[in-house]
Amino acid sequence: MTCPLRRASRRTDRLGVAFHALALGLLLNSAAPMVAVGQTAPAQRSTRVVRNISDAQGGGRYVLSDISALKVSSSSELFILDRSEAHVIVLDTLGRYKRTIGRRGSGPGELSGQALAMQLQDSLLLISDLSARRLVVFGLDGRHVRTVSAMQASNTGSSSGPVTAIPMRGGQIEVTTPGSVNFQADLFSRVLFRQAGRSDTIAVIPAGLFTFTVQQRNSSHPSFAATGFGDGGAWAVRSDTLLAHADGFSGRVRWITLSENGPRVAQTAMLPGPAAPLARADFDSVRVRLEASYKKRDPSTRLVLTDAPTQRSLATHALFDATGNLWIGGAPAGRTVRWTVFSPRAQLLYTVSLPASFRLNDVRNGRLYGKTVDEDGVPVIRILELIGP
């Protein structure tokens, strides 16, 4: 099987993307991951549950149905972007309702059902609305500040244009995906820093998918599915000047400053590794599950694997906490996900193992905020507290 990282690099060459000299140094071509010479194994910390927040605390004033993002402000207000409801619910840390921001629609201050990404930047709330291809900006008090059509299709090798756009100093971060699925090409996302008359590719991140052929009695067609072994990398932004990227296969982490002069790698580190190799048996378990689903509709169905990643990703999610520490989560290993934490100076601080069912969204004052579901499948906001050395 061909590693998607190498295939994505070849695809990039075929597209003829003119990388800036600095961006060439940012590509995903690192050596095998390891703990640096002289670096001791990181300390391990644990957590305890502080509180679960669900609809029950709302007294009928809000519903948590499809949480796509969660951020916590410096005043400890929880901003919860609900894709299905097309609005942001603001709660306190006890789950008490405070206000609603935005509503469904296509006008100023309104959101579609595809508002997927949200950032807190200074005193502003930035929401990337995929369907409307625009950035909707609110004050934290809920007032609509502006709506920017900043997500127009552009010459990035993606006919779909950006799926996320974040204003940064001197330009904006854009994340694009292929405009249509081509099973002879690659499934990846591209992180760009776009300025007037210039575009720098920060990273090309392979999707955590495998492709296969669906063979049935009278037909066959290509398809793809998530492997559960994670995308080939993750990224996060802090304020309007810093982006971090972690390569899930090599383990290399880069802090990249952004300005009117373009991107610059400020420092690097390595995730503790190496990344675990994947065996045929790992994919057979996924194939059998998917095949069983297809067979319910057509018992003659057989799935033939055509391509897949070769490693379990070390980095599938990333975020900066309130103090500037960088948190990087890998692909699930059994029922847990290991998160590795670096200081603002790229020093490896500690690791934390969290339940795979818990999606970490934000960290502030030693508390971890994320989403999960209860035993009935109902969405829950869970607050954890760090304990240990």
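Going along each chain's sequence as written, the residues are numbered from 1 onward. Where totals are concerned, whole chains, interfaces and linings use all residues; where local detail is concerned, this predicted model gives features only for residues with pLDDT of at least 70, and gives and counts side-chain atom pairs only at 80 or more. Based on all heavy atoms of the structure, the side-chain values leave hydrogens and waters out of the count.

A. Highlighting the confidence of the model for the chain. Per-residue confidence from the predictor is reported as pLDDT, a score between 0 and 100. Residue-level pLDDT values for the chain average 82, and 83% of them are 70 or greater. Secondary structure elements follow DSSP: runs of H or I of four or more residues count as helices, runs of E of two or more count as strands, with numbering from the N terminus. Considering each helix and strand of the chain separately, the mean pLDDT is smallest for helix α2 (residues 21–24), with a value of 27, and largest for strand β24 (residues 326–329), with 98. Whether two residues are in contact is decided by their heavy atoms, any of which lying within 4.5 Å being enough. Note on residues 152–160: pLDDT is under 50 here. Beyond four places in sequence and across chains, it has 24 contacts.

B. Quick peek at the sheet that holds strand β25 (residues 336–342). Overall, mixed pairing links the eight strands, which are arranged β23-β24-β25-β26-β1-β29-β28-β27 in an open sheet. Single-partner strands in this sheet number two, and they are β23 (317–320) and β27 (359–364). The sheet shows a mean angle of 30° between the axes of neighbouring strands, direction not considered. As judged from the five bridges shared by β27 and strand β28 (residues 367–373), these two strands associate in the antiparallel manner. Looking at the pairing, Arg 364 lines up with Arg 367 of β28. DSSP calls a pair of strands paired once it identifies at least 2 bridges connecting them. Axes here mean lines fitted to C-alpha atoms, for a helix over just the part in contact, with angles spanning 0 to 180 degrees between N-to-C directions.

C. Just unusual backbone geometry, in detail. The backbone of Ser 76 sits at a positive phi, close to 65°, despite the residue not being glycine. The phi dihedral of Ala 86 falls on the positive side, at around 55°, and the residue is not glycine. Mapped onto the elements of the fold, Ala 86 is located in the loop between β3 (78–82) and β4 (87–91). Buried residues are those whose accessible area, probed at 1.4 Å on protein chains only, stays under 20% of the maximum for their type, while exposed residues exceed 50% and partly exposed ones sit between those limits. When its relative accessible area of 1% is taken as the criterion, Ala 86 is described as buried.

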